[in-house]
Amino acid sequence: MVNPVIDSLESQSPQPIARICGEPLLEIPQDLYIPPDALEVFLDTFQGPLDLLLYLIRKHNLNILDIPMAELTQQYMTYVEMMRIDQLELAAEYLLMTALLIEIKSRMLLPKSKTEIAEESDPRAELVRRLLEYEQIKKAADRLNRLPQAERDFSIAQIRIEQNETIRLPNVNSDDLRNAWIAILTRAKVNRHHQVKRETLSVRAYMSQVLRDLRTRKQLEFYDLFSPAATIMEVVVTFLAVLELAKELLLEISQSQDSGTIYVRAVDVA
Amino acid sequence: MSAPSTSLNPITLESLNPEKAKQILEAALLATQEPLPISELRKLFDHELNNAVISRLLEEIRDKWRDSAIELVTVASGWRFQTKPEMQPFLEKLAPQKTPRYSRAILETLAIIAYRQPVTRGDIEEIRGVSVSGSILKTLLARGWIEEIGHRNVPGKPALFATTLNFLDDLNLRTLDELPPLDEMKSLIEPDNHNQALPFTETDSTDHKGNAD
Amino acid sequence: MSAPSTSLNPITLESLNPEKAKQILEAALLATQEPLPISELRKLFDHELNNAVISRLLEEIRDKWRDSAIELVTVASGWRFQTKPEMQPFLEKLAPQKTPRYSRAILETLAIIAYRQPVTRGDIEEIRGVSVSGSILKTLLARGWIEEIGHRNVPGKPALFATTLNFLDDLNLRTLDELPPLDEMKSLIEPDNHNQALPFTETDSTDHKGNAD
């Protein structure tokens with residue numbers, strides 16, 4: 001069983017990895033010394049403690065175990081002090097990371113029994129796993145950002161649809177009419193003084209038809225109202241329609257003499 | 001499937017030739033719904049091309065597209081691509097326009113005229129319990145769904161309205177009898193019989209319907 | 001087919017030939033911002049053309065446009081026309097403000113959601129090692145790239161986030177499989193002899209332990 005190994009930080013890095021533990025110690029403060037007034041840049045540069053640690057490992061070939069914890073902790077605390085001003089939450093995360101590093105270090109330094117080594121996972125393993133997972137996502141984010149992106153890298157064609165200037169008329173179906181009726185009747189029921197009569201539509205339809213006929217010809221002989229081809233039912237309905245029209249004062253029926261011709265006249269508007 | 005050469009060499013204004021310029025104009029016009037005036041299009045080339053040159057290029061683009069489904073047109077505020085009008089029936093199948101709906105007042109008026117014709121405006125107002133604006137009747141008259149078929153012989157001689165054949169056609173009905181029956185409204189209406197001005201009973205009307213067909 | 005002029009004779013489905021069909025498809029695709037799936041495009045022809053025919057026509061259209069300023073592409077939710085990337089520098093001159101660019105925090109959050117979905121905010125924080133501000137998720141939600149798809153059944157019932165079809169569309173992808181592959185974590189932790197310098201072998205760590213003190 002071999003412990004996990006962090007791959008060379010940057011395979012493309014030309015210089016050999018510094019193995020002397022003193023070397024990274026010199027570099028880190030140089031690279032990471034951030035004057036307080038440049039704090040925003042610092043916060044902008046690193047996404048958090050994982051990112052910072054990854055940077056230290058990758059750029060400076062930092063061996064996690066080589067980090068002099070006292071010094072690193074001191075550095076971290078400096079940053080934490082700076083961050084406390086307005087980024088308390090972030091400061092806490094850096095602090096937690098420092099604590100974790102110290103814990104790892106201390107556990108590595110403790111003598112272990114053989115059984116412990118066999119059973120217990122390497123204290124660094126979890127940190128390494130997290131670092132690698134973070135690094136994986138960091139790279140993925142970068143690649144994602146390099147994919148062509150709508151609006152940023154290309155525009156979507158969208159031309160106008162030319163429409164004829166036809167006015168669209170609302171459609172009505174017979175259910176709409178029935179619903180309208182129900183609404184009217186519901187109201188009518190509330191206002192009981194309205195008398196809503198129920199009758200067959202056929203008579204109403206014939207009433208309209210008789211009036212229509214009278215519109216073209218001012219006066220009709222009563223018998224002309226009845227088509228010879230009409231069925232008995234039509235004759236009856238037409239007759240009822242004429243009676244109803246007369247009752248509603250929609251037409252006038254006149255007969256000048258007994259058994260004479262009965263005339264049906266439209267109401268004279270003029 | 002070799003990549004077009006244009007994607008390999010970035011276009012610069014220095015390497016601009018008329019073909020490239022036309023491509024850029026096309027891209028801008030195809031990606032923009034609003035008309036683009038020439039003054040705006042000149043920005044594409046950092047104002048290095050003058051109005052006359054751009055106008056000429058636009059004319060060439062217009063000619064090039066003449067036989068396709070879309071056309072480059074010039075309108076008051078500039079140039080734009082649009083689909084040709086004959087494409088509209090097809091495009092409507094993708095996004096059927098929402099058909100407007102008639103207001104409740106119009107529908108109720110129409111229902112009253114359909115079920116109670118012939119009626120005067122006064123009848124409608126009495127049934128609806130509110131006044132009926134002239135615009136409602138005008139709308140229905142303009143639609144060709146109702147017509148004046150006479151006048152009631154009462155003071156003022158008010159016009160009588162009835163539905164038209166056109167109304168039946170538009171509603172896919174052959175006769176008024178095919179309108180939904182009002183039977184189920186019985187519960188809503190006064191169940192007394194003395195109001196029934198006409199002798200027809202339910203069964204009669206059914207018989208009649210059968211005969212009329 | 002008698003008259004050649006498309007603009008004079010209304011196009012009917014009966015008179016449809018492949019050229020006309022392609023014109024109609026082009027008009028629809030150019031006029032619609034959202035990608036159109038074939039199932040939607042079939043509506044243009046009242047479903048008279050089957051998927052295979054429409055696919056073939058689309059391929060032909062794609063070939064026809066290959067050398068122009070815009071291209072026909074297929075993305076997660078269908079087909080659409082878009083300008084070629086090399087046109088973008090010019091188009092930006094028309095609307096310089098509208099290009100969104102995202103911070104690393106947003107991109108990392110997006111990457112976690114894209115590659116590990118569905119994830120909770122806690123999952124994202126765990127991977128990034130920092131808290132995730134609400135504004136990051138809001139930005140991605142507002143762009144329509146992520147959505148809440150449920151809740152994890154743990155105390156607090158945290159929301160689960162996943163990427164949307166729109167995210168794939170905007171990145172010119174058809175499926176999540178087309179995302180750039182993740183680096184294999186295994187390769188990073190595999191022991192390899194070039195890197196003895198690295199600390200994480202048994203022997204190294206022992207050595208360093210001595211040094212560090």
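Residues numbered from 1 in each chain as written. Chains lettered and ligands numbered in written order. Predicted model: local features only at pLDDT ≥ 70, side-chain atom pairs only at ≥ 80, totals over all residues. Heavy atoms only, no water.

A. Representation of helix α6 (residues 104-116) of chain B within the structure. All names here are of chain B. Taking 1.5 Å per residue as the helical rise, α6 with its 13 residues ought to reach 18 Å, and the 18 Å between its terminal C-alpha atoms agrees with that figure. The buried count for α6 comes to 11 of 13 residues, which makes it a mostly enclosed element. Every buried residue of α6 is accounted for by Ile106, Leu107, Glu108, Thr109, Leu110, Ala111, Ile112, Ile113, Ala114, Tyr115 and Arg116. (Helix = DSSP H or I, 4+ residues; strand = E, 2+ residues; numbered from the N terminus. Expected span 1.5 Å × (residues − 1). Buried < 20%, exposed > 50% of the residue type's maximum accessible area, 1.4 Å probe, protein only.)

B. Quick look at the interface of chain B and chain C. Contact residues are listed per partner, giving 30 residues for chain B and 29 residues for chain C. Of the roughly 2,800 Å² buried between chain B and chain C on both sides combined, carbon and sulfur atoms contribute 69%. By the criterion of area lost to chain C, the three top residues of chain B are Phe90(B), Lys93(B) and Leu94(B), representing 23% of everything that side buries. Inspection of the region where chain B meets chain C yields 2 salt bridges. Two residues, Asp46(B) and Lys93(C), come together in a salt bridge whose shortest N-O distance is 3.1 Å. Scanning the region where chain B abuts chain C turns up 4 residue pairs in polar contact (both at pLDDT 80 or more). If you list the elements that add at least two residues to the side of chain B that touches chain C, you get α1 (5-8), α2 (18-30) and α5 (88-94) of chain B. Ranked by residue count, the leading element in the side of chain B that touches chain C is α2(B), at 6 residues. (Contact = heavy atoms within 4.5 Å. Buried area = accessible area lost by both parts, 1.4 Å probe. Salt bridge = Lys/Arg side-chain N within 4 Å of Asp/Glu carboxyl O. Polar contact = N/O pair within 3.5 Å; in protein donor to acceptor, adjacent residues only side chain to side chain.)

C. Fine view of helix α1 (residues 18-31) of chain C. Residue and element names in this part refer to chain C. The first and last C-alpha atoms of α1 sit 20 Å apart over 14 residues, in line with the 20 Å expected at 1.5 Å per residue. Summarising burial for α1: 12 of the 14 residues are buried, a large majority. Every buried residue belonging to α1 is among Lys20, Ala21, Lys22, Gln23, Ile24, Leu25, Glu26, Ala27, Ala28, Leu29, Leu30 and Ala31, and all of these are buried.

D. Fine view of the pattern of salt bridges. Residues and elements named next belong to chain B. In the structure shown here, the tally under the stated rule is 45 salt bridges over all chains. When the shortest N-O distance is used, the salt bridge between Arg152 and Asp123 registers 3.0 Å. One end of the pair, Arg152, is in the loop between β3 (146-151) and β4 (159-163); the other, Asp123, is in helix α7 (residues 121-128), and 29 residues separate them in sequence. The same class applies to Arg152 and to Asp123, which are both buried.

E. Highlighting unusual backbone geometry. The omega torsion across Gln117(B) and Pro118(B) is -5°, close enough to zero to call that bond cis. The topology assignment puts Pro118(B) in the loop between α6 and α7. Its identity as a non-glycine residue notwithstanding, Asp46(C) has a phi of 50°, on the positive side. Following the sequence through the fold, Asp46(C) ends up in the loop between α2 (38-41) and α3 (51-64). Here Asp46(C) falls in the partly exposed class, since its relative accessible area comes to 39%. Of note in this structure, Lys157(C) is not a glycine but carries a positive phi near 40°.

This is a description of form; function is not addressed.
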